[in-house]
Amino acid sequence: MNINGQKLENYLDVLQVCDSTFPIGTFNHSFGMENYIRTDRVTNTDEFELWLDTYLKTQFKYGEGLLIALCFDALEKNEIEKIWIYDSIITCSSQASETRNGTKMIAKQMIDLVQTLHCIPLLTEYKELIREDQVYGNPAIVFSIFAHFKGLEVQEAILLYGYSINSTMIQNAVRAVPLGQKSGQLILKRTFALLESIVQEIETLDSSCLGANVPGIELSQIQHEVQIFRLFMS
């Protein structure tokens, strides 16, 4: 059985990695959301949805979303060295040490688990470069290599990765805001149209936009480092 010329099994393999229960540690990170909660700027469903929309339109769009697009382009052209350059740019663009360290931790766990399920030579190379401190490690790069290996189109990869982020963030908000499960699912459904528009906008961007961010979200990630009570690691 094929979907748009690609095997259903490949889609299921990618969906498994996108599941919020995929054990790579993302449930331990809020990427600044918790600081908004502790400072009473996110206290209910509407405020969380506003935060999530802002996160997607900024940090995701110019971060992981654009990074996946750039990695796919490099993979298609067999310009692998560009991927390692993007790894450095996206990591060094983050001012919050918790965010940088959390991202690297997730990337390492993701490589190990993906490689347990699938054997992808380029991920083996990426893991070795991380071990040798030649690159930092980023889960969006891991996902790009994996999704490209499985035959996905770049737009599909960005949408699925965005869905994975949304699903995980919403589950974290259910625990922390707190947010009702039903409200979380309604928010998740409403993000689908936003993700589609973000994918279209990413098509107009180039590598000069990689790592762009907005002060509010980045400051919340920095301030989280000195927050006394914390449910999340970042």
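Q: Give a description of unusual backbone geometry that names residues and reports values.
A: In this structure, the amide linkage connecting Val177 to the following residue, Pro178, adopts the cis form with an omega of -5 degrees. Here Pro178 lies in the loop between helix H8 (154–176) and helix H9 (181–202). The backbone of Asp40 shows a phi angle near 60 degrees, a positive value even though the residue is not glycine. Following the sequence through the fold, Asp40 ends up in the loop between helix H2 (33–38) and helix H3 (45–76). Judged by relative accessible area, which is 59%, Asp40 ranks as exposed. A positive phi angle is found at Asp133, which is not glycine, with a value near 60 degrees.

Q: Lay out the nonpolar core with the relevant residues and their values.
A: In this structure, Phe48, Trp51, Phe60, Tyr126 and Phe143 are the most contacted members of the largest nonpolar core, which totals 70 residues. The dominant element in this core, judged by the number of residues it contributes, is H3, at 14 residues. Apart from residues no more than four positions distant in its own chain, Tyr126 is found in contact with Trp84, Asp87, Ile111, Val135, Gly137, Asn138, Ile141, Val142 and Ile145.

Q: Mind laying out the environment of Arg100, listing which residues take part and the relevant values?
A: Residue placement: Arg100 occurs in helix H5 (residues 97–117). Look at Arg100 and you get partly exposed, because its relative accessible area is 26%. Each C-alpha atom of the pair Arg100 and Asn166 lies 19 Å from the other, and the pair is 66 residues apart in sequence. The residues contacting Arg100, other than those within four sequence positions of it, are Thr91, Ser94 and Gln95. There is a polar contact of 2.8 Å between the side chain of Arg100 and the backbone oxygen of Ser94.

Q: I'd love a proper account of the packing of aromatic side chains, names of residues and values included.
A: Counting across every chain of the model gives 5 aromatic pairs. Geometrically, the ring pair formed by Trp84 and Tyr126 is stacked, given 5.1 Å between the ring centres and 15 degrees between the ring planes. Taken as a pair, Trp84 in helix H4 (residues 80–92) and Tyr126 in helix H6 (residues 121–131) lie far apart in primary sequence, 42 residues in all. The exposure class of Trp84 is buried, given its relative accessible area of 9%.

Q: Quick one: what's the story with the packing of H3 against H8, residue by residue and with numbers?
A: Running from N to C, H3 and H8 point in directions that differ by 145 degrees, and their axes come no closer than 10 Å. Taken as a pair, H3 and H8 cross one another with a handedness that is right-handed. In this structure, H3 uses Phe48, Trp51, Leu52, Tyr55, Leu56, Phe60, Glu64, Gly65, Ile68, Ala69 and Phe72 to contact H8, whose residues at the interface are Val154, Ala157, Ile158, Tyr161, Gly162, Ile165, Asn166, Met169, Ile170 and Ala173.

Q: Explain the pattern of salt bridges to me, using residue names and the numbers behind them.
A: For the structure shown, the criterion picks out 8 salt bridges. In this structure, Glu201 and Lys61 form a salt bridge, with 2.8 Å as the shortest nitrogen-oxygen distance. On the criterion of sequence distance, the pair formed by Glu201 in helix H9 and Lys61 in helix H3 is long-range, its members being 140 residues apart. With a closest N to O distance of 2.5 Å, Glu128 and Arg131 form a salt bridge. With a gap of 3 residues between them, Glu128 and Arg131 both fall in helix H6, about one helical turn apart. What makes Glu128 partly exposed here is its relative accessible area of 31%. Here the salt bridges share partners, and the residues they tie into one network are Glu128, Arg131 and Glu132.

Each value, and the rule that gives it
- Residues numbered from 1 in each chain as written.
- Predicted model: local features only at pLDDT ≥ 70, side-chain atom pairs only at ≥ 80, totals over all residues.
- Heavy atoms only, no water.
- Helix = DSSP H or I, 4+ residues; strand = E, 2+ residues; numbered from the N terminus.
- Buried < 20%, exposed > 50% of the residue type's maximum accessible area, 1.4 Å probe, protein only.
- Core = buried A, V, L, I, M, F, W, Y, C linked by side-chain atoms within 4.5 Å.
- Contact = heavy atoms within 4.5 Å.
- Polar contact = N/O pair within 3.5 Å; in protein donor to acceptor, adjacent residues only side chain to side chain.
- Phe/Tyr/Trp six-rings, centres within 6.5 Å; stacked < 30°, edge-to-face > 60°.
- Axes fitted to C-alpha atoms, helices over the stretch in contact; angles between N-to-C directions.
- Left-handed = near helix turned anticlockwise from the far one by under 90°.
- Salt bridge = Lys/Arg side-chain N within 4 Å of Asp/Glu carboxyl O.

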